[in-house]
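# What the coordinates show
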Amino acid sequence: MSRDEQLKERWEFLVEKLSAQFSDGDPLELDGIVYLVGVQELGDFHRKFKKDEKVNLMHIAICRLLEPYGYYDFDFFDEDGWPHYKMKEQLPPLKAGEQSVLMKEALVNYFVEKEYII
């Protein structure tokens, strides 16, 4: 099986599993899954977030997801428990499809690392 086929299968399985758990079966989109990673990384699961906090959660998730690729490094937790990252390397210019593939791959790897999927 090619790497692309394996990613596609794992991505579909991940979307199905997360959608069943968090959205009553309605398929979650990429942004929704990134948001879930942000909430997971913050560790504050039962809180309502304001709009600016939701943006910050997405940022946390993107930093965490791209950390293994060498783009970010974890820096510190602030006094409110929010993780902060520093940029190590600028992301190269990517087309929309390339961005989507990178994020899907990073999400699949994240959930494999967390043993949520195999």
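Use the structure listed above.
Described in the following lines is the structure provided in the data block. (Residues numbered from 1 in each chain as written. Predicted model: local features only at pLDDT ≥ 70, side-chain atom pairs only at ≥ 80, totals over all residues. Heavy atoms only, no water.)

Quick look at unusual backbone geometry now. For Glu-115, which is not a glycine, the phi torsion comes out positive at approximately 60°. Within the secondary structure, Glu-115 is located in the segment after helix H4 (96-113). Looking at Glu-115, the relative accessible area reads 71%, which means it is exposed. (Helix = DSSP H or I, 4+ residues; strand = E, 2+ residues; numbered from the N terminus. Buried < 20%, exposed > 50% of the residue type's maximum accessible area, 1.4 Å probe, protein only.)

A few words now on the nonpolar core. Across soluble globular proteins, nonpolar side chains show a tendency to be buried alongside one another. With 32 residues, the main nonpolar core has Leu-14, Leu-18, Ile-33, Leu-65, Leu-107 and Phe-111 as its most contacted residues. Elements that contribute at least two residues to this core include exactly helix H1 (3-22), helix H2 (30-42), helix H3 (51-66) and H4. A total of seven residues in this core trace back to one element, the largest contributor, which is H4. Once you skip the residues sitting within four places of it in the chain, Leu-65 turns out to touch Val-34, Val-37, Met-103, Ala-106, Leu-107 and Tyr-110. (Core = buried A, V, L, I, M, F, W, Y, C linked by side-chain atoms within 4.5 Å. Contact = heavy atoms within 4.5 Å.)

With the rule as written, the count across this model stands at seven salt bridges. The closest approach of N and O atoms between Arg-64 and Glu-41, which form a salt bridge, is 3.7 Å. Separated by 23 residues along the polypeptide, Arg-64 in helix H3 and Glu-41 in helix H2 bring together distant segments of the chain. By relative accessible area, Arg-64 is classed as buried at 9%. Glu-41 gets classed as buried once you look at its relative accessible area, which sits at 19%. Notably, a salt bridge pairs Arg-47 with Asp-44, separated by 3.2 Å at the nearest N-O pair. Salt bridges sharing common partners tie together Glu-41, Arg-64, Glu-113 and Lys-114. (Salt bridge = Lys/Arg side-chain N within 4 Å of Asp/Glu carboxyl O.)

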